[in-house]
Amino acid sequence: LAAGLCVFIGTYPWPLYSLLPYPVQYSPYDPTHVIAQLQLLFFSALAFTWLKLSGLYPPELRSVNLDAEWIYRKVGPRFVGALVTRYARLKARLGEGVRRQTDAVNILAGRPAQVVIWFAHTWPTGSMVQWAVGLLALILFSYYLA
């Protein structure tokens, strides 16, 4: 799709020129532009042909190019393998800790409640009003001190 779009824009650029804010006086297919591009193409082909026939062009060797792909071909699997190993160890340790905590909670839940918690029983409404008034008085007092 991209190659087809490039060929279309290269052979028929006038729809893009019409989108520009100012009128364009450029003509890509006038004789000087066409001859200049053909000269570049011809002389580059001539240079490669001459280098190949004279033996100066280096021979093609079967090899592996170690470019940026080396990262995801060699280093990537090692890195991911190390992460997976560490994740498995961490998961095993956390699983053991959770299992111990679950066992402790199960043991405690099986015992009857022996301690009466002071805040757990019902409080009368009047005492809550006293607490609220006391906290508001404390806030008002600290406001006037500051």
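The preceding data block contains the structure.
What comes next concerns the included structure.

Reading the values: the criteria
Residues numbered from 1 in each chain as written. Predicted model: local features only at pLDDT ≥ 70, side-chain atom pairs only at ≥ 80, totals over all residues. Heavy atoms only, no water. Helix = DSSP H or I, 4+ residues; strand = E, 2+ residues; numbered from the N terminus. Rg over C-alpha atoms; globule rule 2.2 N^0.38 Å. Buried < 20%, exposed > 50% of the residue type's maximum accessible area, 1.4 Å probe, protein only. Areas by Shrake-Rupley, 256 points an atom, 1.4 Å probe, with all protein chains shown as cover. Patch = residues over 30% accessible without salt bridge, like charges linked within 9 Å, V, L, I, M, F, W, Y side chains within 5 Å. Salt bridge = Lys/Arg side-chain N within 4 Å of Asp/Glu carboxyl O.

## Description of the overall build of the chain
- For the chain, the helix and strand inventory stands at five helices and zero strands.
- Counting helices and strands in the order they occur from the N terminus, the chain gives α-α-α-α-α.
- Computed over the C-alpha atoms, the radius of gyration of the chain is 41 Å, more than 25% above the 15 Å expected from 2.2 N^0.38 for a compact globule of 146 residues.
- By principal-axis analysis of the C-alpha atoms, the chain measures approximately 100 × 55 × 35 Å.
- Out of the 146 residues in the chain, the part that is buried amounts to 3%.
- Roughly 14,100 Å² of accessible area belongs to the chain as shown, and the carbon and sulfur atoms make up 71% of that amount.

## Points about a nonpolar patch on the surface
- A cluster of nonpolar side chains, contributed by L5, F8, I9, Y12, W14, L16, L19, Y29, V34, L38 and L41, occupies part of the molecular surface with about 1,100 Å² of accessible area.
- Mapped onto the elements of the fold, L41 is located in helix α3 (residues 31-54).

## Remarks on the environment of V105
- Assignment of secondary structure puts V105 in helix α4 (residues 69-110).
- Owing to a relative accessible area of 51%, V105 belongs among the exposed residues under this scheme.

## Topic: the pattern of salt bridges
- In this structure the tally under the stated criterion is two salt bridges.
- Taken together, the salt bridges that share partners define one network made up of E96, R99 and R100.

Read these as geometric descriptors, not functional statements.
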